[in-house]
Amino acid sequence: MNAVDIQGVSLRYGRMTALRQLNLHLESGEVLGLFGHNGAGKTTTMKLILGLLAPSEGQLRVLGQEPNNADVRRRMGYLQENVMFYPQLSGRETLHHFARIKGAARQQADQLLEQVGLAHAADRRVKTYSKGMRQRLGLAQALLGEPRLLLLDEPTVGLDPIATQDLYVLIDKLRQQGTSVILCSHVLPGVEAHINRAAILAGGQLEAVGTLASLRNEAQLPSRIRASGLQQREQVLQSLSVNGSTSRPLGSDSIEFTGSSAVKVQLLRQLLNQDQPSDIEILQPSLEDLYRYYTERAGAARAAEDKA
Ligand SMILES: Nc1ncnc2c1ncn2[C@@H]1O[C@H](COP(=O)(O)OP(=O)(O)OP(=O)(O)O)[C@@H](O)[C@H]1O
């Protein structure tokens, strides 16, 4: 059973269409990165899964049931963007309050405060917390009750680099335990190693979804190969040619080749036949490169539609 199944879902706010014919699923124990420009429809998708909004068209199943089912709600955790708490309560009191609402064990609060690195500030009032501390408390709140499905909207906002890394490690651990996660973020560097698939929304439509490997394959963006410590750089530059690839000198003894993934291995083979580089670096298109490609493609398609 998929954790989330979204079929042909559209959502309109009055006359404004925020999501158009969305088809998306989340497998059990999968981490899906949901990306898109401001206003692309990410939070709207989250709110539909949470049962806070009803689709104008289409079908949604969450943990096999209707999204607003009480039992499903108990098995979901949600960290919203710009999380707010009662400023007068301490971190511990805040978690006790949410544990009561969620029907989770009160003792879990201490364990979660420890897990998100807030044990030392558990009895301080939330109004004295930094932005990153409030974000960690929001994460602890989302983890109350050991949810099977976790929705994280911009979880790394306000977190310092170490806390961000800790969050990703925690997500890896939750995934290993079988938790399904949707992670919405504008912060792309660093996230790619922690998601199974990426979904890219643009203008309320799903522009691309897949593993990074499949998106790279589909987008056919060039990879770069950097070889350094070459003995015969000039000869290599002149003689090495693989269809569709380009090369340029770098520094005193290096070359950068640019070509599609398909020619990568051929290039490497020729290079190693002709010279003995001391180091080789392969730079594949990053998640940011893919995001830019799909977002620009969507923008170009919309501009063409507007002209027609
Ligand atoms: N309550 C509302 N009433 C009217 N329009 C809304 C409402 N909420 C969202 N929208 C519109 O729906 C579209 C999608 O908004 P949504 O909040 O889902 O985007 P998002 O991808 O989460 O953006 P961001 O990255 O800025 O958080 C936007 O054009 C937004 O202005």
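See above for the structure.
Residues numbered from 1 in each chain as written. Predicted model: local features only at pLDDT ≥ 70, side-chain atom pairs only at ≥ 80, totals over all residues. Heavy atoms only, no water.

A. Structural view of the pairing of strand E2 (residues 16-26). As paired strands, strand E1 (residues 4-13) and E2 are joined by seven bridges and run antiparallel to one another. In the strand pairing of E2, Leu 11 is matched with Leu 19. The turn joining E1 and E2, which pair antiparallel and follow one another in sequence, is formed by two residues; a positive phi near 60° is taken by Gly 14. (Pairing = 2+ DSSP bridges. Helix = DSSP H or I, 4+ residues; strand = E, 2+ residues; numbered from the N terminus.)

B. Expanded view of the nonpolar core. One finds Phe 35, Leu 95, Leu 137, Leu 139, Leu 152, Ile 195 and Leu 287 to be the most contacted residues of the largest nonpolar core, which totals 49 residues. Every residue in contact with Phe 35, bar those within four places of it in the chain, is listed here: Lys 42, Ser 185, Leu 188, Val 191, Ile 195, Ala 198, Ala 199, Ile 200, Leu 201, Leu 287 and Tyr 291. Within the second largest apolar cluster, 29 residues are counted, among which are Ala 18, Leu 26, Leu 48 and Met 76. (Core = buried A, V, L, I, M, F, W, Y, C linked by side-chain atoms within 4.5 Å. Buried < 20%, exposed > 50% of the residue type's maximum accessible area, 1.4 Å probe, protein only. Contact = heavy atoms within 4.5 Å.)

C. Spatial organisation of the pairing of strand E8 (residues 197-202). For E8, the buried fraction is high: six of the six residues fall into the buried class. Covered by surrounding structure in E8 are Arg 197, Ala 199 and Leu 201 together with Ala 198, Ile 200 and Ala 202, the residues of both alternating faces. Strand direction decides the pairing type here: strand E3 (residues 31-36) and E8, joined by five bridges, are parallel. Residue Gly 33 lies in a different strand from E8, and its bridge partner there is Ala 198. Direction of pairing for E8 relative to strand E9 (residues 205-210): antiparallel, over a ladder of five bridges. From the neighbouring strand, Ile 200 faces E9, where its bridge partner is Ala 208.

D. Examining the site of the ligand more closely. The immediate surroundings of the ligand are formed by 13 residues, with Gly 39, Lys 42, Thr 43, Thr 44 and His 186 found nearest. For the ligand, whose unbound accessible area comes to 640 Å², protein coverage reaches 62%. For the shell around the ligand, the secondary structure elements donating two or more residues are E2 and helix H1 (42-49). In terms of residue count, the dominant contributor to the shell around the ligand is H1 (three residues). Here the shell around the ligand is built from residues that sort into four nonpolar, seven polar and two charged. (Near = heavy atom within 4 Å. Areas by Shrake-Rupley, 256 points an atom, 1.4 Å probe, with all protein chains shown as cover. Nonpolar A, V, L, I, M, F, W, Y, C, P; charged D, E, K, R; others polar.)

E. Expanded view of the sheet that holds strand E7 (residues 180-184). Read across the open sheet, the six strands follow the order E5-E6-E7-E3-E8-E9; overall the sheet is mixed. Both outer strands of the open sheet, strand E5 (76-79) and E9, are each paired with one neighbouring strand and no more. Ignoring strand direction, the axes of neighbouring strands in this sheet form an average angle of 15°. Note: E3 against E7, four bridges, orientation parallel. For Leu 32, the partnering residue across the bridge sits in E7 and is Ile 182. Most of the contacts of H1 go to strand E6 (residues 149-153), to which it runs at about 155°, and overall it touches E3, E5, E6, E7 and E8. Packed on one face of the sheet, helix H5 (residues 131-143) meets E5 and E6 and runs near 165° to E5. (Axes fitted to C-alpha atoms, helices over the stretch in contact; angles between N-to-C directions.)

F. Main features of the layout of surface pockets. Of the voids in this model, the largest pocket is the one considered here, and its volume is about 510 Å³. Forming the walls of the largest pocket are 16 residues, and the residues nearest its centre are Leu 50, Met 76, Tyr 78, Lys 102 and Gln 141. Looking at side-chain class alone, the lining of the largest pocket contains 10 nonpolar, three polar and three charged residues. Of the voids in this model, the second largest pocket is the one considered here, and its volume is about 240 Å³. In terms of lining residues, the second largest pocket is bounded by 13 residues, among which Gln 108, Gln 115, Glu 146, Leu 174 and Gln 177 are the most central. Contributions of two or more residues to the lining of the second largest pocket are made by helix H4 (108-115) and helix H6 (161-176). (1 Å grid on protein atoms, 1.4 Å probe; cavity = no way out; pocket = protein on both sides within 12 Å on 5 of 7 lines; lining within 4 Å. Points joined across faces, edges and corners; volume = space filled by probe spheres on them.)

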